[in-house]
Amino acid sequence: MDKTRLVTDTETAEPTARLAVLIDADNAPAAVSDGLFAEIARFGEATVRRIYGDFTSTASGQWKKVLNYHAIKPVQQFAYTTGKNATDSMLIIDAMDLLYTRRFDGFCLVSSDSDFTGLALRIREEGLRVIGFGEQKTPEAFRNACHRFVFTEFLRLSKSKASQAGAKNAASAAAAPSAPAPLVAQRPEFPRKFVLEALEEASDDTGWTHLGSLGSYLAKLQPDFDSRLYGFKKLSDLVKGNADLFEWEERPIQGSSAKMLYVRPKAR
């Protein structure tokens, strides 16, 4: 059996990066919690995990069920004045305190609220990585202020979680249909021109580029670019699923059985 391992699209952050995860409970549903931390693990280690909200309210109260499981520290914030968002203020204050400790490589801001645009920009000014998580309705200004932005529609109940739930309640699980794939508000048209232009910019003199380099360049140009938006789990799947646009080849890594995927535009 061929044991050759293919190294494809990897995240640009180092896997040992120390991350501070700050969640706005008012603007992030608890249903994304499992997928959220699985996604964050691709970027680094969530060394600080805090969530902000009024957990006496129905909306934020759903998070109470998953706090212990994910080791999230809740920060209770009562709404002192009607119409004022005390939760946002507390999250921003804590973020600045954590920023000045110089102990972190990046921040994960979990919210669909554009009020955190300024915070994301301030963190970037310090040379730290900012990864945003929010729904597709998140304003463009906040999405573009992050180095990387992930839509939380992709982070809802996974098949593995559905299996765990079925183990706890076998009777109901047997009668229920399997969990559907995460839904997005609307699948956009594949941005052929944008991706091909990015590929051209990222390629070397021979016209080829490593897939990881392409992924990094796409994220720099458009932080919320995500292969899952177009029906592909990974960037490598997207490339291989558009044979009319791309050519690819697997190249061995010296001193290893692994291979790296390289891509270039298909000759016309």
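See the structure shown above.
Conventions we followed
- Here the residue numbers are simple positions, counted from 1 along each chain's written sequence.
- Only residues with pLDDT of 70 or above have their local features reported here, since the model is predicted, and side-chain atom pairs are shown and tallied only from 80 upward, although totals for entire chains, interfaces and linings are computed over all residues.
- As a convention, hydrogens and water are excluded, and side-chain values are obtained from all of the structure's heavy atoms.
- Note on classification: 1.4 Å probe, protein chains only; a residue is buried when its accessible area is under 20% of the maximum for its type, exposed when over 50%, partly exposed between these limits.
- Per the convention used, a helix needs a DSSP run of H or I reaching at least four residues, while a strand needs a run of E reaching at least two, with both numbered from the N terminus.
- Note on pairing: two strands pair once DSSP finds at least 2 bridges between them.
- Think of it like this: strands point away, you trace from the first strand over the helix to the second, and a clockwise trace means the crossover is right-handed.
- The arc in question is the one traced by the directions running from the helix axis out to the C-beta atoms.
- A contact between two residues is defined here by any heavy atoms of the two lying within 4.5 Å.
- Centre distance within 6.5 Å is the pairing criterion for rings of Phe, Tyr and Trp, where only the six-membered ring of Trp is used; planes under 30 degrees apart are then read as stacked, over 60 as edge-to-face, and the remainder as tilted.
- The criterion is that NZ of a Lys, or CZ of an Arg, lies within 6 Å of the ring centre and within 35 degrees of the ring normal, and then a charge sits over that ring.

1. Some details on the pairing of strand β6 (residues 129-134)
For β6, a buried count of 6 out of 6 residues is recorded, marking the element as mostly surrounded by other parts of the structure. Here strand β5 (residues 106-110) pairs with β6 via 5 bridges, running parallel. Bridging across to β6, V110 finds its partner in F133. What joins β5 to β6 is helix α4 (residues 117-125), and the crossover it makes is right-handed. With 4 bridges connecting them, β6 and strand β7 (residues 148-151) associate as parallel partners.

2. Overview of helix α8 (residues 192-202)
Listed as buried for α8 are F194, V195, A198 and L199. Burial along α8 is one-sided: seen end-on, the buried residues are contained in an arc of 130 degrees. Turned more than 90 degrees from where α8 packs its buried face, K193, E200 and E201 sit exposed. Looking at the buried side of α8, the elements it contacts are β8 (209-210), α9 (211-221), β9 (246-252) and β10 (259-265).

3. Here we look at the packing of aromatic side chains
For the structure shown, the criterion picks out 6 aromatic pairs. Taking the centre distance of 5.8 Å and the plane angle of 80 degrees together, the rings of F142 and F149 count as edge-to-face. By way of ring pairs, the aromatic residues F190, F194, F225 and Y230 are connected into one cluster. The side chain of R251 reaches across the aromatic face of W208, ending 5.4 Å from its centre. Positioned over the ring face of Y262 is R251, at 4.0 Å from the centre of the ring.

Shape is all these values report; function is a separate question.
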